[in-house]
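Commentary on secondary and tertiary structure
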Amino acid sequence: MAHQAQNDHSLQHDADNITNPEHAEHHIVSPFQYTLVFGSLLLGTLLTVLAADQNFGIFNPIIALGIASTKAVIVILFFMHVKYQTNLIKMTVGAGFFTFLVLITMTLSDYISRAWGLW
Amino acid sequence: MDSAIETTHSEHDAQEHAHVFVPQHRHHFETEEQQREAGSFGMWLFLLTEIMFFGGMFFAYLLFRNWYYEAFVAASNTLNIGMGAANTAILITSGFFMALGVWAAEVRKKNLLVLFLVLTTVFGCAFLGVKYFEYKEKFELHHVPGASFDVSQFVNPPIDAKTGKPVGNPVPADQLQHTQLFFFLYFAMTGMHALHMIIGIGILAWLLVRAQRGEFTAGYVAPIENFGLYWHFVDIVWLFLFPLLYLINRHPLAH
């Protein structure tokens, strides 16, 4: 029993990060990759300005937000290194945006349903 | 008892690490990677609170734009797309140099790190400079919410010199005052964004001094990396502000 406890203890203190890897290998993103990201962000900006000039009806805001979200994901993955982080960090980032969406959805469903049938 | 602990402790030291103090590996962390990840984790938790903070204003914009659509369309179309687009490019460039700064710190090139931090600051200031001219125009047109707010432009839209037609439809009388709501949100959102940039530029100045001393190019990259996360987050907020405030109302739906 005591032996077992000691084993658990050494598992938790896995200084070499081998038995139960909990932090990522350190990864350095190269300037070349950053330049590609930079180029794609500038391209996205150009696209969104050009798209705003065209009349797509109800799709104008959807296209604009789609481009903005794509750019944001690129920034998060590469400039903010989330692609190279551990699952802990990835889950944290994902959980944050998910919680935000839940708040938006619930608040919107309140406002939408207040005047239900009265319009 | 004391001596027993003392013995174990010094054996432990001898086996695992000599006690040399390095800021990237403080004694309560087992490895440098663990300390680094703990730092990133904390920074991301802070950024999540920032998402919620800006998120409230984005939600207000979403709701009021639906309620007072004509007023929001007319008010939004007075913004200067050229300046907004230029500022987007300027901010992306600033973020690009910030990312390169993180790289320079990782590969321990001190002069490059200082250069990239300076460029990040310069483009950050350029963004605020453009913003100043945009705000100035709002004051001149009396588009700042408050006692001197003037709706006349939305009662009689000015004639476009090129087409000879009014630039937009008059806003219905019951919605005229709601153009003020658009500008209130415009100033609240871009103003909070600008405040974040001003704070960021202040921190950049402090990081520059320390980078010049070589504090971040001997393995201790965390302050540069975590500030980078903050700076990129502020970029992302603008990536959404630009289309939502400036772009999506160019082709209004008939209501």
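Before reading further, recall that the structure is shown in the block above.
Residues numbered from 1 in each chain as written. Chains lettered and ligands numbered in written order. Predicted model: local features only at pLDDT ≥ 70, side-chain atom pairs only at ≥ 80, totals over all residues.

Time to look at the environment of Ala 86 of chain B. Looking at the secondary structure, you find Ala 86 of chain B in helix α4 (residues 81–106). Linking Ala 86 of chain B and Val 221 of chain B, residues 135 residues apart in sequence, is a C-alpha distance of 31 Å. (Helix = DSSP H or I, 4+ residues; strand = E, 2+ residues; numbered from the N terminus.)

Another aspect to go through is the environment of Ala 218 of chain B. Residues and elements named next belong to chain B. By secondary structure assignment, the location of Ala 218 is in the loop between α7 (179–212) and α8 (222–247). Residue classification places Ala 218 among the partly exposed residues on the basis of 13 C-beta atoms within 10 Å. Sequence-wise, Ala 218 and Val 107 are 111 residues apart; in three dimensions their C-alpha atoms are separated by 9.0 Å. (Buried ≥ 20, exposed ≤ 12 C-beta atoms within 10 Å, placed from the backbone.)

On to the interface of chain A and chain B. The partner chain B presents 40 residues to the 42 residues of chain A that form the contact. Elements represented by at least two residues in the side of chain A that touches chain B include exactly α2 (31–53), α3 (59–79) and α4 (87–114) of chain A. Its residues placed into classes, the side of chain A that touches chain B shows 26 nonpolar, 14 polar and two charged. (Contact = placed C-beta atoms within 7 Å. Nonpolar A, V, L, I, M, F, W, Y, C, P; charged D, E, K, R; others polar.)

Once that is clear, we can look at unusual backbone geometry. Peptide bonds are trans in most cases, and residues, glycine excluded, mostly fall at negative phi. One non-glycine residue with positive phi stands out, namely His 81 of chain A, at about 65°. Residue placement: His 81 of chain A occurs in the loop between α3 and α4. For His 142 of chain B, which is not a glycine, the phi torsion comes out positive at approximately 60°. Here His 142 of chain B shows up in the loop between α5 (110–140) and α6 (152–155).

With that settled, consider the nonpolar core. When a protein is soluble and globular, its nonpolar side chains tend to lie buried together. By size, the foremost hydrophobic cluster in this structure holds 77 residues, and its most contacted members are Ala 99, Leu 100, Leu 113, Phe 182, Val 237 and Leu 241 of chain B. Of all the secondary structure elements, the ones that give two or more residues to this core are α2 and α3 of chain A together with α2 (32–67), α3 (69–76), α4, α5, α7 and α8 of chain B. Sort the elements by how many residues they give to this core and α8 of chain B lands first, with 17 residues. Ignoring sequence-local partners within four residues, the contact set of Leu 241 of chain B consists of Met 189, Thr 190 and His 193 of chain B. (Core = buried A, V, L, I, M, F, W, Y, C linked by C-beta atoms within 7 Å.)

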